[in-house]
Amino acid sequence: MYDKRIMKNLMSLSKKLIFPISLILILSFSRLIPHPWNFSPILAVGIFSGFYFRKFFLASIIVILAMFIGDVFLGFHNTMFFTYISLLAAVALGLLISKFNFLQIIAAGLTSSICFFIITNFGSWLTLEMYEKNLSGLVQSYILAIPFFHNTVLSTLLYLIVIKLLFENAPRKIREELSLFR
């Protein structure tokens, strides 16, 4: 009797963990596939994780762990701290979404892309030797990053829409199992 209860609890826990662990692995490995600069699902998943899990700590762990695993393979860099902070901002934006409708995900996607641009390029200016440590150097860091910004916006919005469509069109049983988190 005791063993059956333990097995049932373990099965329930494993069902709850499959989604976040799968999300971490998919995100981590998606960064290893060749892609255009700043074209990544990570901001979209940060927003969705914040919306879906409704727990800042859990959603943050998923996104940060995914980035960290990818960074293990791709290499660590001076601006990691700023990149991770911008991902936490995306999670926080996801927490503010009440319904995962198109208007809210577009607003969150644009806002998170702008936050990512501002935070990571400030970090580049602060930590990289290529910029003078004055207002002119700061402005230069933002100007030089403009060509990469459109990929951030496009990928974030595209992945948010894909996540929305997948989530809404998932079979009822899968949605019910995923609702264990909410």
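Residue numbers run consecutively from 1 along every chain, following the written order of its sequence. Residue-level local features of this predicted model are given only where pLDDT is at least 70; pairs of side-chain atoms are given and counted only at 80 or more, and the full residue set underlies all totals for whole chains, interfaces and linings. Each side-chain value is derived from all of the structure's non-hydrogen atoms; neither hydrogens nor water enter the calculation.

> Give a description of the packing of helix H3 (residues 56-74) against helix H4 (residues 80-96) that names residues and reports values.
Fitted lines through C-alpha atoms give the axes, limited to the stretch in contact for helices. The angle between two N-to-C directions lies from 0 to 180 degrees. Here a strand is any run of E in DSSP of at least two residues, a helix any run of H or I of at least four, and the numbering for each starts at the N terminus. Look at H3 against H4: their axes get within 10 Å of each other, and the N-to-C directions meet at 145 degrees. Judged by the sense of rotation from one axis to the other, the crossing of H3 with H4 is right-handed. Contact residues: H3 offers Phe-56, Ala-59, Ser-60, Val-63, Ile-64, Met-67, Phe-68 and Asp-71, while H4 offers Met-80, Thr-83, Tyr-84, Leu-87, Leu-88, Val-91, Ala-92 and Leu-95. In the contact of H3 with H4, the residues fall into 13 nonpolar, two polar and one charged. Rotating anticlockwise by less than a right angle from the far helix to the near helix defines a left-handed crossing, while the corresponding clockwise rotation defines a right-handed one. Between two residues, a contact is recorded if the distance between any of their heavy atoms is within 4.5 Å. Residue polarity follows a fixed list, in which Ala, Val, Leu, Ile, Met, Phe, Trp, Tyr, Cys and Pro are nonpolar, Asp, Glu, Lys and Arg are charged, and the others, Gly among them, are polar.

> Can you lay out unusual backbone geometry for me, pointing to particular residues and giving the numbers?
Positive phi is not limited to glycine here, since Asn-38 has a value of about 60 degrees. Along the chain, Asn-38 turns up in the loop between helix H1 (2-30) and helix H2 (42-53).

> Which residues make up H3, and what values do they have?
In a helix, the anticipated span is given by 1.5 Å times the number of residues less one. The end-to-end C-alpha distance of H3, which contains 19 residues, comes to 26 Å, matching closely the 27 Å that a straight helix rising 1.5 Å per residue would cover. Only protein chains enter the accessibility calculation, which uses a 1.4 Å probe. A residue is then buried if its area is under 20% of the maximum for its type, exposed if over 50%, and partly exposed in between. Buried residues of H3: Ala-59, Ser-60, Ile-62, Val-63, Ala-66, Met-67, Gly-70 and Asp-71, and no others. For H3, the buried positions fall inside an angular range of 160 degrees around the axis, keeping them on one side. Exposed residues lying more than 90 degrees from the buried face of H3 are Phe-57 and Phe-73. By definition, the arc is the one covered by directions from the helix axis to the C-beta atoms.

> Give a detailed account of the packing of H2 against H3, specifying residues and quantitative values.
Interhelical geometry of H2 versus H3 gives an angle of 160 degrees and a closest axis separation of 8 Å. Between H2 and H3, the crossing angle belongs to the class labelled roughly antiparallel. Every pair of crossing elements has a handedness; the one defined by H2 and H3 is right-handed. Along the contact surface, H2 presents Ile-42, Val-45, Gly-46, Ser-49, Gly-50 and Phe-53, while H3 presents Leu-58, Ala-59, Ile-62, Val-63, Ala-66 and Met-67. Orientation categories follow fixed angle ranges, with anything under 35 degrees roughly parallel, anything over 145 roughly antiparallel, 65 to 115 roughly perpendicular, and all other angles oblique.

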